[in-house]
Amino acid sequence: MKVSPFFRLPPPSTAGATAAAKPVRYPYHDDSDCPVGQEVQRSGHWQTYEPRQIADTRPRCAICIELNRPRRA
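Reading guide: rules and limits
Residues numbered from 1 in each chain as written. Predicted model: local features only at pLDDT ≥ 70, side-chain atom pairs only at ≥ 80, totals over all residues. Heavy atoms only, no water. Pairing = 2+ DSSP bridges. Helix = DSSP H or I, 4+ residues; strand = E, 2+ residues; numbered from the N terminus. Axes fitted to C-alpha atoms, helices over the stretch in contact; angles between N-to-C directions. Contact = heavy atoms within 4.5 Å.

1. A look at the sheet that holds strand β3 (residues 46-48)
- Strand order across the open sheet formed by three strands is β2-β1-β3, with antiparallel pairing between neighbours. With partners counted over all chains shown, the strands left at the sheet margins are β2 (28-31) and β3, one partner each. Sheet twist, expressed as the average angle between the axes of neighbouring strands with direction ignored, equals 35°.
- Bridge count for strand β1 (residues 2-8) against β2 is three bridges, and the pairing is antiparallel. Considered in β2, the bridge of Phe6 is made with His29.
- Contacts from helix α1 (residues 35-43) reach β1, β2 and β3, with the element oriented near 65° to β1.

Below you can see the structure in the form of structure tokens.
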């Protein structure tokens, strides 16, 4: 089943983190059966994926891709 695409946000920064560290670009999830996506949603550290320019695009979760592939008979 499809869900609104979302991606994981990094956890809140700690006092020892450097400001120059490049943020992780997590893949987005769009299938409600994806176990990784379910875990991200439970964590509370996620945001709806709404890119407005190419630089905002993110890779799609490999598990979500596999879940949406047509099954062979």
